[in-house]
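# Report on the structure
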Amino acid sequence: MSQPYNQDYFVVKAKENGVHVIGLTRGSDTRFHHTEKLDKGEVMIFQFTEHTSAIKVRGKAVIYSQHGTVDTTE
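About the thresholds
- Residues numbered from 1 in each chain as written.
- Predicted model: local features only at pLDDT ≥ 70, side-chain atom pairs only at ≥ 80, totals over all residues.
- Heavy atoms only, no water.
- Helix = DSSP H or I, 4+ residues; strand = E, 2+ residues; numbered from the N terminus.
- Buried < 20%, exposed > 50% of the residue type's maximum accessible area, 1.4 Å probe, protein only.
- Contact = heavy atoms within 4.5 Å.
- Areas by Shrake-Rupley, 256 points an atom, 1.4 Å probe, with all protein chains shown as cover.
- Lys, Arg positive; Asp, Glu negative; His and termini not counted.
- Charge placed at Lys NZ, Arg CZ, Asp CG, Glu CD.
- Phe/Tyr/Trp six-rings, centres within 6.5 Å; stacked < 30°, edge-to-face > 60°.
- Salt bridge = Lys/Arg side-chain N within 4 Å of Asp/Glu carboxyl O.
- Pairing = 2+ DSSP bridges.
- Axes fitted to C-alpha atoms, helices over the stretch in contact; angles between N-to-C directions.
- Core = buried A, V, L, I, M, F, W, Y, C linked by side-chain atoms within 4.5 Å.

### Describing the overall build of the protein
Per the secondary structure count, the protein includes zero helices and seven strands. Reading the protein from its N end, one meets helices and strands in the order β-β-β-β-β-β-β. In terms of its C-alpha atoms, the protein occupies a principal-axis envelope of roughly 35 × 25 × 20 Å. Counting the 74 residues in the protein, one finds 23% classified as buried. Partitioning the contacts of the protein with sequence separation of at least 6, the portion at a separation of at least 24 is 62%. Accessible surface computed for the protein: about 5400 Å², of which carbon and sulfur atoms make up 48%. Taken together, the 9 basic and 9 acidic charged side chains of the protein have centroids lying 5 Å from each other.

Shown next, in the form of structure tokens:
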């Protein structure tokens, strides 16, 4: 069994309906590979993996991680 790529996690909380959280792949060719749609008040916990190297958040949301809090409206 292989080790998780990264054990850190982050949380996205939607401040409006229709917030998109898009996972981007690792490697020489970065591509979208997964999309989640959150509605106002919904919270989802994410973790980077061997396949996911970055995320893109589209819409009004608050992102919580060990590095701090980011509000997309600021």
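### Regarding the packing of aromatic side chains
Summed over all chains, the structure comprises one aromatic pair. Here phenylalanine 10 and phenylalanine 46 contribute two aromatic rings whose centre-to-centre distance is 5.4 Å and whose plane-to-plane angle is 15°, an arrangement assigned as stacked. Here phenylalanine 10 is found in strand β1 (residues 9-14), whereas its partner phenylalanine 46 is found in strand β4 (residues 43-47), with 36 residues between them in sequence. Comparing phenylalanine 10 with phenylalanine 46 shows no difference in burial state: the two are buried.

### Digging into the pattern of salt bridges
The tally for this structure, following the rule as stated, stands at one salt bridge. A salt bridge links lysine 15 to aspartate 71; the nearest nitrogen and oxygen atoms lie 2.8 Å apart. Of this pair, lysine 15 sits in the loop between β1 and β2 (19-25) while aspartate 71 sits in strand β7 (residues 68-71), and the two are 56 residues apart along the sequence.

### Considering the sheet that holds β1
Pairing between the strands of a sheet comes from backbone hydrogen bonds, and it takes one of two forms, parallel or antiparallel. One open sheet holds the four strands; their spatial order is β4-β1-β6-β7, and the pairing between them is antiparallel. The open sheet is flanked by β4 and β7, the only strands paired with a single partner. Pairs of neighbouring strands in the sheet enclose a mean axial angle of 20°, with direction left out of account. One ladder, built from five bridges, connects β1 with β4; its direction is antiparallel. Following the sheet pairing, phenylalanine 10 is matched in β4 by phenylalanine 46.

### Points about the nonpolar core
Listed in full, the nine residues of the largest apolar core are Phe10, Val12, Ala14, Val19, Val21, Leu38, Phe46, Ala61 and Ile63. Secondary structure elements with two or more residues in this core: β1, β2 and β6 (61-65). Residue contributions to this core peak at three residues, all from β1. Those residues in contact with leucine 38, other than ones at most four positions away along the chain, are Val12, Ala14, Glu16, Asn17, Gly18, Val19, Val21 and Met44.

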